[in-house]
Amino acid sequence: MKRIGLIGTGHIAAPIVRLLASKGRDIYVTERNAQVSSALQAELGISVAPPQDVIDVSDIVFLCLRPQVAADILTPLTFRADQQIVSVMAAVPQSQLLTLCAPVSDFVQTIPLGFLQTGGCPLAAYGNDRLLTELFEPENPVVKVADEAALNAHFAICAMVPGFLDLMATGAEWLADQTGDKDKAEFYITQLMSGFLATMHKGQAGQLAAERDALATDGTLSLQMTDTLQSEGAHDALRAALTAIGKRLET
């Protein structure tokens, strides 16, 4: 079984480590971030070492660094031609990865979120998607994309998650103002949304609109909600945010 190393041990790396450790993988992580790496070592018994030592013992190397520090950290390091690279760094193109990780030529770029650890996280994959399938399916579905522009578009869509949570938080605040119970309000709206999405059919274009239209029929409160969101510019604001994030990823 291939040994796996992670360069950068933080919010994204931790759930990756926990899932792969549960599959019996041999894992090595860097000391950066020391608090997270030491906690993972105590919890799972994984090895913690300096970046070059992690690379030297690993067959598969995950790059989990903040994009703005990637070049500074990776440039002094030495990789091997037989290694495979999984990059979870936004806005670090494959052309740059080929330089930073030379002579490696086997790459895949992807976008994991924290719930990957428990399954159900779709992984957009540009590059060697078979490697991601080997590591993360069947718990997390791999979605192959055609090019880096498509990958960046998926990165932008991932930013909808905190945006959606932000709207839910506003809804929970409104419900708490009406009921006087903040805990129950937040539980209700969280359970309402997660329960509905969990039972919804997925994987077919148009299903979201079909589910919306099944609820938002003539004269309903649901239609009043969707009409108001349209007329007040919520959808225009979403498109503007996604476009701005997409342009930011391009540069």
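Before going into details, it helps to say that this report is about the structure given with it. No experiment lies behind these values; they were computed from the predicted model shown. (Residues numbered from 1 in each chain as written. Predicted model: local features only at pLDDT ≥ 70, side-chain atom pairs only at ≥ 80, totals over all residues. Heavy atoms only, no water.)

Turning next to the overall build of the protein. If you tally the helices and strands in the protein, you get 12 helices and 8 strands. Reported as C-alpha extents along the three principal axes, the dimensions of the protein are approximately 65 × 40 × 30 Å. The 251 residues of the protein split such that 33% are buried. Here the analysis covers contacts within the protein between residues at least 6 apart in sequence; of these, 46% occur between residues at least 24 apart. (Helix = DSSP H or I, 4+ residues; strand = E, 2+ residues; numbered from the N terminus. Buried < 20%, exposed > 50% of the residue type's maximum accessible area, 1.4 Å probe, protein only. Contact = heavy atoms within 4.5 Å.)

On to the pairing of strand E1 (residues 4–7), then. Both faces of E1 are covered, namely the face carrying Ile4 and Leu6 and the face carrying Gly5 and Ile7. For E1 and strand E2 (residues 27–30), the ladder comprises 3 bridges, and the chain directions are parallel. The partner of leucine 6 across the bridge, within E2, is valine 29. A crossover connection joins E1 to the parallel E2 through helix H1 (residues 13–22); in handedness this β-α-β unit is right-handed. Pairing analysis gives 4 bridges linking E1 to strand E4 (residues 60–63), with the strands arranged parallel. Looking at the pairing, isoleucine 7 lines up with leucine 63 of E4. (Pairing = 2+ DSSP bridges. Right-handed = clockwise from strand over helix to strand, strands pointing away.)

Taken as a whole, this structure holds 8 salt bridges when the rule is applied. In this structure, arginine 80 engages aspartate 82 in a salt bridge whose closest nitrogen and oxygen atoms are separated by 3.1 Å. For aspartate 82, a relative accessible area of 55% translates into the label exposed. (Salt bridge = Lys/Arg side-chain N within 4 Å of Asp/Glu carboxyl O.)

It is worth spelling out the packing of H1 against helix H2 (residues 34–44) at this point. One can describe the packing of H1 onto H2 by two numbers: an axis separation of 11 Å at closest approach and a directional angle of 15°. In terms of their interaxial angle, H1 and H2 are classed as roughly parallel. Crossing hand, H1 versus H2: right-handed. Residues Ala14, Val17, Arg18 and Ala21 of H1 form the contact with H2, whose own contacting residues are Val36, Leu40, Glu43 and Leu44. Of the residues assigned to the contact of H1 with H2, the class counts are 6 nonpolar, no polar and 2 charged. (Axes fitted to C-alpha atoms, helices over the stretch in contact; angles between N-to-C directions. Parallel < 35°, antiparallel > 145°, perpendicular 65-115°, else oblique. Left-handed = near helix turned anticlockwise from the far one by under 90°. Nonpolar A, V, L, I, M, F, W, Y, C, P; charged D, E, K, R; others polar.)

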